[in-house]
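Commentary on secondary and tertiary structure
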Amino acid sequence: MRESLEDICCSKIRVIVGEGSLSKLSEIKDSNTVVIYSRRVDVTDKINKYLPNVYFIPINDGESAKELSNVISIVEKLFERNFDRGDYVIAVGGGTVTDVAGFIASIYLRGLNLVNVPTTFLGMVDAAIGGKNGVNFNNIKNLIGTFYQPSMIISDLEFLETLPIEELKKGLAEVIKYGLTLDKELYDYLSLNKDRVINKDKQVLEEVIFRSTLDKLGIVKEDERETKGIRIVLNFGHTIGHAIEAGSSFNVPHGYAISVGMVCEAKIAEELGYAEEGVVEDVLWLLQLYGLPYDISQIDAPIDIRLALNAINMDKKHRKDAILMPFPTRIGSWKKVEVPLDTIKGFAEQCLKK
Ligand SMILES: NC(=O)c1ccc[n+]([C@@H]2O[C@H](COP(=O)([O-])OP(=O)(O)OC[C@H]3O[C@@H](n4cnc5c(N)ncnc54)[C@H](O)[C@@H]3O)[C@@H](O)[C@H]2O)c1
Ligand SMILES: O=C(O)C(=O)C[C@@H](O)[C@H](O)[C@H](O)COP(=O)(O)O
Ligand SMILES: [Zn+2]
């Protein structure tokens, strides 16, 4: 088990990664606590072992959970109970659960304490970390949300035992994102340990999760609210990725969408002269090694180009008529580039043409 205590702006965040780390929940046993969890993951007995008196709110997870109507129905359940600002929300599930529950924790009474217990690999390497939360609105990803830090992130690898390999791969797309832009050693580690990763070797996965967590928190520490042009690096592949999700009316899973998005955006970086020769090949090579999609032709959902381009108009990295794009320059390095919106949309149309 690995632990780290991180200072992010005015919050202390305790990160615990390892099998059996769920036991750390016993440290908040004297608080009034609500557990918002994915009804598709067996958690109640596991939680009650450490927190015998909690209020459970099961939710249907998946992208359709990220709707304001769902937020309102959960808030109405909270309203029936007597919570105060000293109390806790514990989010247990994948990224869609931690996004919704984190948003609710940030707005109810203007903020309850939050503990994230990610149960997917994608949640453990990305979604449960860094404080972004929120819901989709009018077919735009994460249009409504807040920045709100959990006090504790518990990544208990025992949850991964039931995780299908396709869900592991979706999380690997976010890890490859870190490797391509921030962490060449992580890129190399993934290159050398493919079989152990795919076979869910716990020692390897703990290393990947812990390293990804520290990579992400290292960026969040510098630019928590994404106002300095630094945190945008965590959004590499997401301008096109979110366009694919929106264009498919959220039928393409996030991990696959950003996988294709990273190839498209690396090609734009190369075309505009920011990515060194060979970067696109290195992106393709690692995605193909893990069987992740690298071309829109591999996505078996129709993409409405009009909806996809509208999503790019609404990308949260856009400033006036340009988008701040995080371009990989070589493996493990990146550069912020302001690109005209129409240029990005032109490339996106090429990339998303089936
Ligand atoms: N806030 C952030 O910083 C951030 C970062 C990355 C992604 N995200 C968001 O996260 C979402 C994707 O997250 P996700 O891939 O975890 O999706 P998800 O929450 O839909 O979970 C994926 C699937 O795995 C199942 N599942 C969850 N835990 C399981 C377990 N232990 N065993 C077996 N099955 C399990 C779920 O029921 C679901 O079918 C997207 O909405 C994306 O926008 C947010
Ligand atoms: O934490 C961040 O910053 C990220 O960009 C992480 C992304 O992997 C994640 O998908 C995030 O939800 C996208 O954020 P958004 O601001 O583009 O909605
Ligand atoms: Zn993402």
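It should be emphasised that the depicted structure is a prediction, and the values quoted were computed from it without experimental measurement.

Some thoughts on the coordination of the zinc ion (ligand 3)
In this structure, E174 (OE), H238 (NE2) and H254 (NE2) serve as the protein donors to the zinc ion (ligand 3), at separations of 2.0 to 2.1 Å. For the zinc ion (ligand 3), all donor residues lie on one chain, and their spacing in sequence is E-x63-H-x15-H. Of this pair, E174 sits in helix α5 (residues 165-181) while H254 sits in helix α10 (residues 254-271); the two residues are 80 residues apart in sequence, bridging distant segments of the chain. Residue E174 shares its accessibility class with H254, and that shared class is buried.

Focus on the state of the cysteines
On inspection of all chains with the given rule, the structure shows one disulfide. Disulfide pairing places C264 opposite C351 at an S-S distance of 1.7 Å. Handedness of the C264-C351 disulfide follows from its S-S torsion of about -75 degrees: it is left-handed. Of this pair, C264 sits in helix α10 while C351 sits in helix α13 (residues 341-351); the two residues are 87 residues apart in sequence, bridging distant segments of the chain. With respect to burial, C264 and C351 carry one shared label: buried. Of the cysteine sulfurs around C9, a residue in no disulfide, the closest is that of C10, at 3.3 Å. Looking at C10, the relative accessible area reads 73%, which means it is exposed.

As for the site of ligand 2
Not every one of the 14 residues close to ligand 2 is listed here, only the nearest: D126, K132, N142, K216 and R231. K132 has a polar side-chain atom sitting 2.8 Å from an oxygen atom of ligand 2. Residue H254 places a side-chain N or O atom 3.0 Å away from an oxygen atom belonging to ligand 2. The protein chains hide 91% of the 430 Å² of surface that ligand 2 would expose on its own. At the level of secondary structure, the elements contributing two or more residues to the shell around ligand 2 comprise α5 and α9 (238-247).

A closer look at the packing of aromatic side chains
Taken as a whole and judged by the stated rule, the model has two aromatic pairs. Judged by centre distance (5.6 Å) and plane angle (80 degrees), the ring pair of Y37 and F56 falls under edge-to-face. Of this pair, Y37 sits in strand β3 (residues 33-38) while F56 sits in strand β4 (residues 55-59), and the two are 19 residues apart along the sequence. The side chain of R81 reaches across the aromatic face of Y55, ending 3.8 Å from its centre.

A closer look at the layout of surface pockets
There is about 180 Å³ of room inside the second largest pocket. Taken together, 13 residues line the second largest pocket, and the ones lying closest to its centre are C10, S11, Y148, Q149 and E224. Looking at the lining of the second largest pocket, its residues break down into seven nonpolar, four polar and two charged.

Digging into the confidence of the model for the chain
Detail in the predicted coordinates should be disregarded across regions flagged by low pLDDT. Across the chain, the average pLDDT comes to 97, with 100% of residues at 70 or higher. Element-level mean pLDDT values for the chain span from 93 in strand β1 (residues 2-8) up to 99 in helix α4 (residues 121-127). Note on the complex model: pTM 0.98, ipTM 0.99.

A look at the domain arrangement of the chain
By the assigned domains, the chain splits into domain 1 (2-160) and domain 2 (165-351). At the interface, 32 residues of domain 1 touch 40 residues of domain 2. Between domain 1 and domain 2, the buried area comes to about 3,500 Å², and carbon and sulfur atoms account for 64% of it. At the boundary of domain 1 and domain 2, one finds eight salt bridges. The partner of D126 in a salt bridge is K177, with the nearest N and O atoms 3.1 Å apart. Applying the counting rule to domain 1 against domain 2 returns 16 residue pairs in polar contact (both at pLDDT 80 or more). Where the side of domain 1 that touches domain 2 is concerned, the elements lending two or more residues are β1, β2 (11-17), α4 and β8 (140-144). The leading source of residues in the side of domain 1 that touches domain 2 is β1, at six residues.

Some words on the sheet that holds strand β10 (residues 318-319)
Taken in spatial order, the three strands make up an open sheet running β10-β11-β12, and their pairing is antiparallel. Looking at the sheet topology across the chains shown, the edges are occupied by β10 and β12 (333-340). As judged from the eight bridges shared by strand β11 (residues 322-330) and β12, these two strands associate in the antiparallel manner. Counted as the bridge partner of M325 is V337 from β12.

Points about the packing of α9 against helix α12 (residues 305-313)
The description of two helices packed together rests on the angle between their axes and the distance between the axes. Axis separation between α9 and α12 bottoms out at 7 Å; the angle between their running directions is 140 degrees. Relative to α12, α9 is oriented oblique. Read as a crossing pair, α9 and α12 show a hand that is right-handed. Side by side, α9 and α12 meet where T239, H242, A243, A246 and G247 of the first sit next to L307, A308, A311 and I312 of the second.

What to know about the UniProt feature "domain: 3-dehydroquinate synthase N-terminal" (unreviewed entry) in the chain
Using the residue numbers shown here, the UniProt feature "domain: 3-dehydroquinate synthase N-terminal" (unreviewed entry) corresponds to residues 58-169. The span residues 58-169 is 33% helical and 23% strand by assignment, and the distance between its end C-alpha atoms comes to 26 Å.

Quick look at the UniProt feature "domain: 3-dehydroquinate synthase C-terminal" (unreviewed entry) in the chain
Within the UniProt annotation, "domain: 3-dehydroquinate synthase C-terminal" (unreviewed entry) is assigned to residues 171-317. Within residues 171-317, the helical portion is 64% and the strand portion 0%, while the C-alpha atoms at the span's ends are 22 Å from each other.

Rules behind the numbers
- Residues numbered from 1 in each chain as written.
- Chains lettered and ligands numbered in written order.
- Predicted model: local features only at pLDDT ≥ 70, side-chain atom pairs only at ≥ 80, totals over all residues.
- Heavy atoms only, no water.
- Donors = N, O, S within 2.8 Å, 3.2 Å for Na, K, Ca; no water.
- Helix = DSSP H or I, 4+ residues; strand = E, 2+ residues; numbered from the N terminus.
- Buried < 20%, exposed > 50% of the residue type's maximum accessible area, 1.4 Å probe, protein only.
- Disulfide = S-S within 2.5 Å.
- Near = heavy atom within 4 Å.
- Polar contact = N/O pair within 3.5 Å; in protein donor to acceptor, adjacent residues only side chain to side chain.
- Areas by Shrake-Rupley, 256 points an atom, 1.4 Å probe, with all protein chains shown as cover.
- Phe/Tyr/Trp six-rings, centres within 6.5 Å; stacked < 30°, edge-to-face > 60°.
- Lys NZ or Arg CZ within 6 Å of the ring centre and 35° of its normal.
- 1 Å grid on protein atoms, 1.4 Å probe; cavity = no way out; pocket = protein on both sides within 12 Å on 5 of 7 lines; lining within 4 Å.
- Points joined across faces, edges and corners; volume = space filled by probe spheres on them.
- Nonpolar A, V, L, I, M, F, W, Y, C, P; charged D, E, K, R; others polar.
- pLDDT = per-residue confidence, 0-100.
- Domains from an automatic or database assignment.
- Contact = heavy atoms within 4.5 Å.
- Buried area = accessible area lost by both parts, 1.4 Å probe.
- Salt bridge = Lys/Arg side-chain N within 4 Å of Asp/Glu carboxyl O.
- Pairing = 2+ DSSP bridges.
- Axes fitted to C-alpha atoms, helices over the stretch in contact; angles between N-to-C directions.
- Parallel < 35°, antiparallel > 145°, perpendicular 65-115°, else oblique.
- Left-handed = near helix turned anticlockwise from the far one by under 90°.
- UniProt positions renumbered as here; feature names shortened; annotations may be inferred.

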